[in-house]
Amino acid sequence: MRPLWRTTASAFFARATAIAADLRARGAALDRDGRPPFSEITELKAAGLLNALHPPEIGGGGLDWVDGLRLVRILARGESSIGQLLGYHFVNSQYISWAADDSDLAWRLSSETVAKSLYWGAAVNPRDPGLVLTRQDDHYVLNGRKTFSTGARISDRINASAAFGNQIASLVLHTDRPGYIAHDDWDNIGQRLSDSGSVEFKDFPVHDSDFLLSLAAPDAAPKVQATFNTPLIQLVFANFYIGTAEGALAEALDYVRDTTRPWITSGVERAADDPHILERVGEFRAALKAAAALADSAGLAVQTALARGPGVTERERGEAAIEAYESKVNATHVSLDVTARVFELMGARATAGHYRFDRYWRNVRTHTLHDPVFYKAREVGDFALNDRVPTPSLYS
């Protein structure tokens with residue numbers, strides 16, 4: 001495959017911006033229909049965005065995490081779920097490169113991902129009952145159900161964990177095998193295009209080549225490098241929250257320019273000249289700029305720690321994770337505030353159902369409940385006050 005040479009970050013940003021503009025133009029209809037985003041993911045594949053973080057040597061774009069997370073933010077301005085899906089793919093597909101026991105296996109999986117433009121999801125929600133792996137003749141079979149699996153129907157590959165006797169198996173699975181059932185049961189008020197329904201495995205065949213890691217005891221401590229998926233996924237959250245709020249503000253500004261009528265006692269002829277509206281716009285823009293800067297700074301901190309490779313320490317990982325969690329706490333509050341209050345700029349007519357401007361708030365409100373933000377704030381506070389770094393888990 002001919003490499004993308006090292007497509008510049010600005011070229012990727014331009015592609016993402018164009019896709020985001022199209023998504024925004026169709027946003028109300030997409031939100032209303034809530035269908036799996038097959039065509040939207042196909043568009044990301046065609047634009048090379050799924051491969052943006054992979055090395056140029058195998059045909060990838062060669063972007064770093066800071067710029068990859070900016071791509072997430074850009075896409076979320078157009079449609080929050082698509083930003084989320086790109087971010088999840090980045091973490092799930094890149095996880096193998098630093099977590100796999102076998103570097104040759106990681107290289108093979110990455111090369112296949114780029115060559116085929118595969119989309120990666122996951123079925124690892126630790127709060128669901130576990131999947132069960134059993135031996136059957138010359139292979140294994142996987143059974144069980146996960147209540148939530150973002151990208152359930154659009155995924156080509158998924159990371160999954162399962163109990164195998166008294167051990168844990170970490171797997172990479174092909175979703176086109178028999179026994180993989182993605183249910184159409186995602187009916188939440190927001191992130192309606194995230195394809196986050198339940199998945200079920202019924203005698204799903206698993207082979208030795210599907211094992212990403214060696215079997216391990218449930219309480220075995222993972223290598224530090226393998227735990228970076230958590231701060232990175234939290235940064236995905238922060239960035240698509242911010243992008244969603246940026247999209248809401250952009251929508252509001254266009255509406256104010258074109259549709260909002262000046263208030264009768266404002267003394268101005270255009271709503272865009274109303275001093276109270278201008279003040280609100282300034283506040284929202286400043287808050288979003290600050291949130292984006294914090295997210296970029298946190299992305300650099302996590303990227304720098306991850307680049308230390310197998311020698312990275314628990315302390316280094318923990319300090320970087322805290323920066324990610326500071327961004328997550330801030331982005332949560334800023335995005336909820338901006339997406340709810342943009343109506344103060346637009347006025348009562350903007351609440352008409354056909355605009356579906358509330359989708360921006362519904363999107364961040366839905367996903368910010370993924371893991372309670374006050375527990376993230378508590379981890380940040382515990383570090384600041386007691387110098388304790390978080391104990392690694394799928395949430396910390």
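The following paragraphs examine the structure supplied in this document. Because the structure is a prediction, the values reported are computed rather than measured. (Residues numbered from 1 in each chain as written. Predicted model: local features only at pLDDT ≥ 70, side-chain atom pairs only at ≥ 80, totals over all residues. Heavy atoms only, no water.)

### Focus on empty space enclosed by the protein
Part 1 of the reasoning: In this structure the tally under the stated criterion is one cavity of 30 Å³ or more.
Part 2 of the reasoning: Surrounding the largest cavity, Ala76, Gly78, Glu79, Ser80, Thr244, Arg359, Tyr360 and Asn363 form its lining.
Part 3 of the reasoning: Elements that contribute at least two residues to the lining of the largest cavity include exactly helix 4 (65-78) and helix 11 (359-367).
Part 4 of the reasoning: The dominant element in the lining of the largest cavity, judged by the number of residues it contributes, is helix 11, at three residues.
Part 5 of the reasoning: Here the lining of the largest cavity is built from residues that sort into two nonpolar, four polar and two charged. (1 Å grid on protein atoms, 1.4 Å probe; cavity = no way out; pocket = protein on both sides within 12 Å on 5 of 7 lines; lining within 4 Å. Points joined across faces, edges and corners; volume = space filled by probe spheres on them. Helix = DSSP H or I, 4+ residues; strand = E, 2+ residues; numbered from the N terminus. Nonpolar A, V, L, I, M, F, W, Y, C, P; charged D, E, K, R; others polar.)

### As for the environment of Lys223
Part 1 of the reasoning: Within the secondary structure, Lys223 is located in the loop between strand 7 (199-206) and helix 7 (229-258).
Part 2 of the reasoning: Using a relative accessible area of 38% as the deciding quantity, one classes Lys223 as partly exposed.
Part 3 of the reasoning: Once the C-alpha coordinates of Lys223 and Pro129 are considered, the two residues, 94 residues apart in sequence, prove to be 24 Å apart.
Part 4 of the reasoning: What Lys223 contacts, discounting residues up to four positions off in sequence, is Trp98, Ala99, Ala100 and Asp101. (Buried < 20%, exposed > 50% of the residue type's maximum accessible area, 1.4 Å probe, protein only. Contact = heavy atoms within 4.5 Å.)

### Side note on the nonpolar core
Part 1 of the reasoning: Core analysis: the biggest nonpolar cluster contains 91 residues, and Leu44, Leu49, Trp65, Leu71, Leu86, Leu212 and Phe228 have the highest contact counts within it.
Part 2 of the reasoning: The element contributing the most residues to this core is helix 7, with 15 residues.
Part 3 of the reasoning: Discounting chain neighbours no more than four positions away, the residues touching Leu86 are Leu44, Leu49, Leu50, Leu71, Val72 and Leu75.
Part 4 of the reasoning: Among the nonpolar cores identified, the runner-up in size contains 18 residues, and Ala123, Leu131, Tyr140 and Leu171 belong to it. (Core = buried A, V, L, I, M, F, W, Y, C linked by side-chain atoms within 4.5 Å.)

### Things to note about helix 1 (residues 9-25)
Note that an α-helix has 3.6 residues per turn; residues three or four places apart therefore point the same way.
Part 1 of the reasoning: In a regular helix each residue adds 1.5 Å, so 17 residues correspond to 24 Å; helix 1 covers 24 Å between its end C-alpha atoms and thus fits that length.
Part 2 of the reasoning: Among the structural elements, helix 2 (27-33), helix 3 (38-46), helix 4 and helix 5 (80-99) are those in contact with the buried residues of helix 1. (Expected span 1.5 Å × (residues − 1).)

### A few points about the environment of Arg77
Part 1 of the reasoning: Structurally, Arg77 can be placed in helix 4.
Part 2 of the reasoning: Ignoring sequence-local partners within four residues, the contact set of Arg77 consists of Gly243, Thr244, Glu246, Gly247 and Tyr360.

### Digging into the packing of aromatic side chains
Part 1 of the reasoning: Here the structure, examined in full by the defined rule, presents 15 aromatic pairs.
Part 2 of the reasoning: A centroid spacing of 5.7 Å and a plane angle of 85° characterise the contact between Tyr255 and Phe357, whose relative ring orientation is edge-to-face. Taken as a pair, Tyr255 in helix 7 and Phe357 in the loop between helix 10 (343-346) and helix 11 lie far apart in primary sequence, 102 residues in all. Each member of the pair, Tyr255 together with Phe357, is buried. (Phe/Tyr/Trp six-rings, centres within 6.5 Å; stacked < 30°, edge-to-face > 60°.)

### Description of the pairing of strand 5 (residues 167-174)
Part 1 of the reasoning: Sheet topology places strand 4 (residues 157-164) next to strand 5; eight bridges connect them, and they run antiparallel. Its bridge partner being in strand 5, Ala160 is matched across the sheet by Leu171.
Part 2 of the reasoning: Between the end of strand 4 and the start of strand 5, which pair antiparallel, lie two residues, with Gly165 showing a positive phi angle near 65°. (Pairing = 2+ DSSP bridges.)

### A short note on the side chain of Glu40
Part 1 of the reasoning: Inspection of the secondary structure puts Glu40 in helix 3.
Part 2 of the reasoning: Take Glu40: its relative accessible area is 7%, and that puts it in the buried class.
Part 3 of the reasoning: Excluding its chain neighbours within four sequence positions, the residues that come into contact with Glu40 are Leu23, Arg26, Leu30 and Ile82.

### Here's the deal with the pattern of salt bridges
Part 1 of the reasoning: If you walk through the whole model with that rule in mind, you get 37 salt bridges.
Part 2 of the reasoning: When the shortest N-O distance is used, the salt bridge between Asp254 and Arg24 registers 2.5 Å. In this pair, Asp254 sits in helix 7 while Arg24 sits in helix 1, placing the two residues 230 residues apart along the sequence.
Part 3 of the reasoning: Owing to a relative accessible area of 30%, Asp254 belongs among the partly exposed residues under this scheme.
Part 4 of the reasoning: For Arg24, a relative accessible area of 23% translates into the label partly exposed.
Part 5 of the reasoning: Note that Asp210 is salt-bridged to Arg177, the shortest N-O span being 2.7 Å. With a gap of 33 residues between them, Asp210 in the loop between strand 7 and helix 7 and Arg177 in the loop between strand 5 and strand 6 (180-182) connect regions that are remote in the sequence. (Salt bridge = Lys/Arg side-chain N within 4 Å of Asp/Glu carboxyl O.)

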